[in-house]
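# Chains, contacts and geometry: an overview
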Amino acid sequence: MESTEVESDILRSVHALLRELDGHHHAFQSERGMLRWTLHKKIDRKPLNSAILVKILVKELERAERGDYRHYIIPLLHTLMYTLIKAPCISDDLYERVYDFCKKLLTLPKPYCTIGLDYAFRLKRERIAPGVLYQRMVISEQSLKSDPYPYQERVFMFADPEVLSKSVCSALLAEAKAAQMYQNRRSCMCYVIVRAVQAALGEACDVQRLQRILQTKPTDELEQCFQQVVSAVECTGSEVKADRVQHSERLKNIYSLVMSSSAVGSSSPDGLHGCPLPNPQISFHLWTEEDQLWKELVLFVRPLSHTCEQDCLSQELDNFEIQDIVSDCDCCEQTRFSVLSNDSGIERDLPTAGEELLLPGATEAEHAKLQRKGGIKKRASPLESMALLQNSCSGPGAKQTGKLYRKSGCNMAPLPHPCRLYTARIVVLGDDRVLGRLAQAYYSLRKRETRRVYLTPKLNLQFYYVPVVEGRPTIGSAEDHPASGPMELCELAVYLGRADPWYESNINTLCHMIPKLATMPSSLSTHPVADPFIMDVIAYYVRMGLQPVCFQVYAVKILFSNAAQEPAEDVFLTELSAQVQDCRAPKDPTQTRKKTTLEVPGADLAVTYRKVLLSNRKKEVDVLLRATGLVVKAIPSSEAEDLMCLNVNIAEVVKTSNLSGRSFSSAINKIRTHEIKIQSMERRTFNLCLDKDFRRTYTNVVSVEVSPCLEPSYCLQKTRTMRFNLHEPEDMGLAKYMPKSLLLPINTFAGIIQ
């Protein structure tokens, strides 16, 4: 195909992508969500066309910036950066045009300036050290050991087997395995070496001969070559006044040594070749245990020996939790072991796993016996603990601003924090019910970290959400929500799709596509090299979706009709629904002749709430009304309603009188509030359901109180401060600068576009 035909074909694909963003692509509904994937696959098959696509995308970006097409900018920019990372070689003038465009975005409001600044930094680094973005992505995603760049990432996919069918879970597991079938450590190191050398030397690099030599090298020699290339690229990328010519000379010397070390026949360079970008390491998990998320994160940060058995693993985790609880109780007696030791006896002073050294002449077995068991723990100082907790909450500022906002990073750095070497990307699949479980798990994790800081200084947490709905909801949820359709169970995904068109185009289209692909015969079993569509889209999402939208988690306090039953506390993210139980009194046969009275449906409810005012003033409202039920929604119905408030719809019973007598009708009473308390004034109780999940149903409830869930570390710090300042109502000390509310960040491509 000639160059003009190739350019015309790519241009048509880009224009189809833009028409989809405008909503003018209804004739091809079956292709929604596949246009971006198809475009990138065209370039993957012919990597030399990357420069053509980059040139077209730059023109379209400049046109969108001049005209009134701002909604094109972020999708085109993400497509452009993803192409640049995988492109074998791009001319310097193209890099400069993209860099200049990113600098222009700094004059626009968020999120354009945020994304433009991030990409400008990346492009500047890539121009100086070509291939550094590809190298860092592969090293971190594949957990390749490298001292110059020691970061590691992993993608955890969680699916609730009670929400998704067995066929869907099996299809996702099969595709996750197929996506990494031919990936191994050796091949990934070869990709990094070839990509860096070719990006620096261009057409002077004999790619095919270099690949053959690397494949025949022993693993230790290949790793040595890999470390040399990584050191050279990272050294150039970290220098203040780096020189690209000097960088090319470094890699040319490594290239010459590799080529001269083998007797493989020489050949003339035959142009540029593309290097595939391996899929990230994705582990698929069926979410069956409450603390499963925390356990997986602990194992990721502190991996055990591969020779350990499974029971040893569970024992290790159990001991970790027990020590977590025991450390808070000073009166608990622990068994002491008399062991010869020259350490301080404080666990915090122990060296890390990588720093431990064996004594001269001591075997590994003897070293294992000399480990301290049941030692006395010394708690970290309040300042140190709060510094770590504060950095873990480096969300959108220290206090509520009254909006559902995109996290733009913390603009203050009062205390230095250790660099987190691990990044866990948590991808949850399902509907709003699985998001409710995620909010529970996140709240539990934050409470654990408040009691004992462990994951916070080491781990960076990123959350992603892929909506999946299979036909009609289950029987249990259908009874609670009889009028709800399939998309009614994905309110948060619908909101994110309205706020971020690129999320709507790439991720929300998977909602019904994943169940359809699960029912189709898999091509991966017959053709293992077939492209795994779902895993490719998820990989693109976790790589490019770095702008979080933070949602308020709400706390619920529940009182029951039985005074002996302990009050319950829970959290929810999207919805709370309450239905008054029908408790008709049994008929008395002795009163059959008396005139029957008309029974009033529902129950008398005392509602106390704080009214939402534009001036942010506090106004308490108390009302008494009769209602049959209510629904509390935490997700705004439109992107314009971005206040962090609850929308309460109460099904109020209205009494009417006419010639035929008294009758009753129902009316919806709407309330907007930050917090609300509902209490039944009669013997009638109501059923409570959280996040549309029938498994989280509470019965015989007489009172429920809903308020924004507080960050556990803030509560701890405020409690410590109040010990010394009993009469100070305002926040003092470190609590004044800490996030007050617990926010759950869900990553998207653009955040919220105003």
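The sections below set out a description of the structure shown in this document.

### Concerning the pairing of strand E2 (residues 282-286)
- The element E2 is largely enclosed, with a buried count of four among its five residues.
- Bridge count for strand E1 (residues 152-159) against E2 is five bridges, and the pairing is parallel. If you follow Phe156 over to E2, its bridge partner there is Ser283.

### Describing the side chain of Thr685
- Here Thr685 lies in the loop between strand E12 (661-680) and strand E13 (686-690).
- Not counting residues within four places of it along the chain, the set of residues in contact with Thr685 comprises Ser561, Val580, Gln581, Asn700, Val701 and Val702.

### Brief notes about unusual backbone geometry
- Here the residue pair Lys110 and Pro111 is connected by a cis peptide bond, since its omega of 5° sits within 30 degrees of zero.
- By the element assignment, Pro111 lies in the loop between helix H5 (92-104) and helix H6 (112-128).
- Phi at Asp691 takes a positive value of approximately 55°, unusual for a residue other than glycine.
- Taking relative accessible area as the criterion, Asp691 reaches 0% and is therefore assigned buried.
- At Asn700, a residue that is not glycine, the phi angle is positive and equals roughly 55°.
- Inspection of the secondary structure assignment puts Asn700 in strand E14 (residues 693-708).

### Quick word on the pattern of salt bridges
- Per the counting criterion, the structure on display carries 34 salt bridges.
- The partner of Arg12 in a salt bridge is Asp9, with the nearest N and O atoms 3.6 Å apart. Note that Arg12 and Asp9 are positioned in helix H1 (residues 3-22) at a spacing of three residues, about one turn of the helix.
- Of the charged contacts, one joins Arg437 and Asp160 as a salt bridge, the two residues approaching to 3.3 Å between their closest N and O atoms. Placement of the pair is Arg437 in helix H17 (residues 432-451) and Asp160 in the loop between E1 and helix H8 (166-179), with a sequence separation of 277 residues. Here the two residues Arg437 and Asp160 agree in accessibility, since each one is buried.

### Observations concerning helix H9 (residues 185-201)
- The first and last C-alpha atoms of H9 sit 25 Å apart over 17 residues, in line with the 24 Å expected at 1.5 Å per residue.
- Within H9, 14 of the 17 residues are buried, which leaves the element mostly enclosed by the surrounding structure.
- Sitting at the head of H9, Asn184 places a side-chain oxygen 3.2 Å from the backbone nitrogen of Arg186.
- Just beyond H9, the residue with positive phi is Gly202, at close to 70°.

Calculation notes
- Residues numbered from 1 in each chain as written.
- Predicted model: local features only at pLDDT ≥ 70, side-chain atom pairs only at ≥ 80, totals over all residues.
- Heavy atoms only, no water.
- Buried < 20%, exposed > 50% of the residue type's maximum accessible area, 1.4 Å probe, protein only.
- Helix = DSSP H or I, 4+ residues; strand = E, 2+ residues; numbered from the N terminus.
- Pairing = 2+ DSSP bridges.
- Contact = heavy atoms within 4.5 Å.
- Salt bridge = Lys/Arg side-chain N within 4 Å of Asp/Glu carboxyl O.
- Expected span 1.5 Å × (residues − 1).
- Polar contact = N/O pair within 3.5 Å; in protein donor to acceptor, adjacent residues only side chain to side chain.

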